[in-house]
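What the coordinates show
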Amino acid sequence: MGKNIKTMPLGKIAGPLTSGYRDIFHGGPENVDYYQKTVQDTLEVITHFLQTRQTPLGDTSVHSNKNKIGLIDINSKETISVKECLTELCDIYINDATAFHHSSYVAHLNCPILIPTLAAEMIISSINSSMDTWDQSIGATAIELRLIEWMGKKLQYPEGFDGVFTSGGTQSNLMGLLLARDSYIKKNYNVIPDQHGLPAEAKKFKIFCSEMSHFSLSKGASILGLGKDAIISVPVDKDYRMDISKLKDLLYKEQENGNLPITLIGTAGTTDFGSVDPLHEISRIAQENGMWFHVDAAYGGGLLLSKKHCNKLSGIEKADSCTIDLHKTFFQPISASMFLMRDHSNVSFIQYHADYLNPKEQEACGVPNLVKKSLQTTRRFDALKFWFTLRTVGEEKLGSYIDEIIYLAKGTHYLLDEHQDFEVLNTPEISALVFRYAPEGLSKNKLTELNQKIKQAVFDSGKAMVAGTKVNNEFYLKFTLLNPMTTLVEMRNVIHLIQKIGEEQSKNLI
Ligand SMILES: Cc1ncc(COP(=O)(O)O)c(C=O)c1O
């Protein structure tokens, strides 16, 4: 039997609220001081990190301590103050955290972030709206809807498009593959996929994308029950763009084998090379073969804002769905991505009505519940930071940052090219360069070994950070330039550092 509430002493009903826990929670007049002090202390630590960091990596003595797990105390019985915790965190994390804002961080597809987004981030976490119901996020839902409308127009989609914010390109790509699979099933079989599952023919479904496309597509195919083997990797041309004649050959071959090509994916900004597939031709072939056309513009999406370079994305407007990562070329903090679909009716493949969140009756009254468009339920109000960016920075300035990084990449290409000891694989279309230090007389294997050593030595120096990748099983170095503040002089210094390390390391290899 439950306790009779009337017989309970009042203090018991109030429980911990009267015994000193209240001051920890956000909100309420008695904890304003605690909140402000916490924010102030944290701000000091971050300001110190931003102002004193001279290199992309911090205190090398800390960062050389690879076994950090041993440093991490989770003794929750003896708790410490936030200030003490911040001090502890500096040793474990902040003192040697990778500084993406640093001009010689030129490694992965992670961008420096814009200051106004941080005001938004603070509001996002402090108010903690969840986008899964309209009543918990009224203004927030309006802002997200407005931004989806804005992005759809940037893509030049005709009326009737839709979209949603996602956690990243991986999730946006998964959504594209999901809608592609289910719209094909709906059109061709008497099956409602989200109700009945997959028809037997799904074993023959094939998804075509370039061999340079992102691995999240393969992962997506596997999650969707089609298997990684459903992915047909189309070879690229000399500029690392999908080779259209090879695509046609592979399509023909798969059809001849009785397989069913359902989706064709163009990448607008491949992860390694930043190359943009020929979107118009891909779209035409998709249409001719009754395939869904998805564009993965996780990297290249920012070009939409550049007057000089937006033509590189021409053809994207024909995509049935599109991935655009804001946490790459829109300079937003992780996580922020968008998934756009050309035709709103495709929402039906993921929508779900939960009585406690978005009952059908509510929708009939026109209440805009975003949960039905998302794979997530509880979801952050990431749209706010992008709205803040557009309102305070503006799209023209954002576009000029894109121009700047493309210019930087071209200049860096020139700097690498003038050195006879560097071999550069691509002319940058966006801002990625794949190259290696390749002095004469070394075999392919030795070059791989040398460049792996260079990458590690650059990292260990703490002075710069470069990425690496493999092309035809050989190891190359990679610059991904996403910082408009980086100058060509700084890039020359990074190249010089690589060359110096390369010269030293190659002595041990000959
Ligand atoms: C072309 C491309 N697509 C998708 C992704 C995955 O994006 P995310 O890391 O935001 O999930 C990436 C990541 O680098 C990418 O380069």
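Reading the values: the criteria
Residues numbered from 1 in each chain as written. Predicted model: local features only at pLDDT ≥ 70, side-chain atom pairs only at ≥ 80, totals over all residues. Heavy atoms only, no water. Domains from an automatic or database assignment. Contact = heavy atoms within 4.5 Å. Buried area = accessible area lost by both parts, 1.4 Å probe. Salt bridge = Lys/Arg side-chain N within 4 Å of Asp/Glu carboxyl O. Polar contact = N/O pair within 3.5 Å; in protein donor to acceptor, adjacent residues only side chain to side chain. Helix = DSSP H or I, 4+ residues; strand = E, 2+ residues; numbered from the N terminus. Patch = residues over 30% accessible without salt bridge, like charges linked within 9 Å, V, L, I, M, F, W, Y side chains within 5 Å. Areas by Shrake-Rupley, 256 points an atom, 1.4 Å probe, with all protein chains shown as cover. Near = heavy atom within 4 Å. Nonpolar A, V, L, I, M, F, W, Y, C, P; charged D, E, K, R; others polar. Buried < 20%, exposed > 50% of the residue type's maximum accessible area, 1.4 Å probe, protein only.

1. Description of the domain arrangement of the protein chain
As far as domains go, the protein chain holds domain 1 (5–97), domain 2 (159–190 + 197–392) and domain 3 (396–507). At the junction of the two partners, domain 2 supplies 26 residues and domain 3 supplies 22 residues. Across the domain 2/domain 3 interface, buried area totals approximately 2000 Å², and carbon plus sulfur atoms make up 64% of it. When the buried area of domain 2 at its contact with domain 3 is split by residue, Asp-272, Phe-273 and Phe-331 rank highest and sum to 31% of it. Taken together, the links from domain 2 to domain 3 amount to two salt bridges. Notably, a salt bridge pairs Asp-272 with Lys-478, separated by 3.0 Å at the nearest N-O pair. Taken together, domain 2 and domain 3 are joined by nine residue pairs in polar contact (both at pLDDT 80 or more). Mapped by element, the contributors of at least two residues to the side of domain 2 that touches domain 3 are α12 (326–329) and α14 (383–392).

2. Comments concerning a nonpolar patch on the surface
The grouping of Tyr-35, Met-122, Ile-123 and Ile-127 at the surface amounts to a nonpolar patch, some 360 Å² of accessible area in total. Looking at the nonpolar patch element by element, the count peaks at three residues for helix α5 (residues 115–127). Turning to its location among the elements, Ile-127 is positioned in helix α5.

3. Observations regarding the site of the ligand
Around the ligand sit 14 residues in total, of which Gly-169, Thr-170, Thr-271, Asp-296 and His-327 are the nearest. Within the backbone of Gly-169, an N or O atom sits 2.8 Å from an oxygen atom of the ligand. Here Asp-296 contributes a side-chain N or O atom positioned 2.7 Å from a nitrogen atom of the ligand. Relative to its free-state accessible area of 390 Å², the ligand is covered by the protein chains to the extent of 84%. Elements with a minimum of two residues in the shell around the ligand: α7 (169–188) and α12. The residue makeup of the shell around the ligand, split by class, is two nonpolar, nine polar and three charged.

4. Some words on the pattern of salt bridges
Scanning the entire structure with this criterion turns up 24 salt bridges. Of the charged contacts, one joins Glu-121 and Arg-380 as a salt bridge, the two residues approaching to 2.5 Å between their closest N and O atoms. Of the two residues, Glu-121 sits in helix α5 while Arg-380 sits in the loop between α13 (360–364) and α14, which places them 259 residues apart along the sequence. For Asp-237, the salt bridge is made with Arg-241, and the minimal N-O distance between the two is 3.9 Å. The partly exposed category is assigned to Asp-237, whose relative accessible area is 27%. A relative accessible area of 25% means that Arg-241 is categorised as partly exposed. Three or more residues joined by partner-sharing salt bridges are found here, namely Glu-121, Arg-380, Asp-382 and Lys-385.

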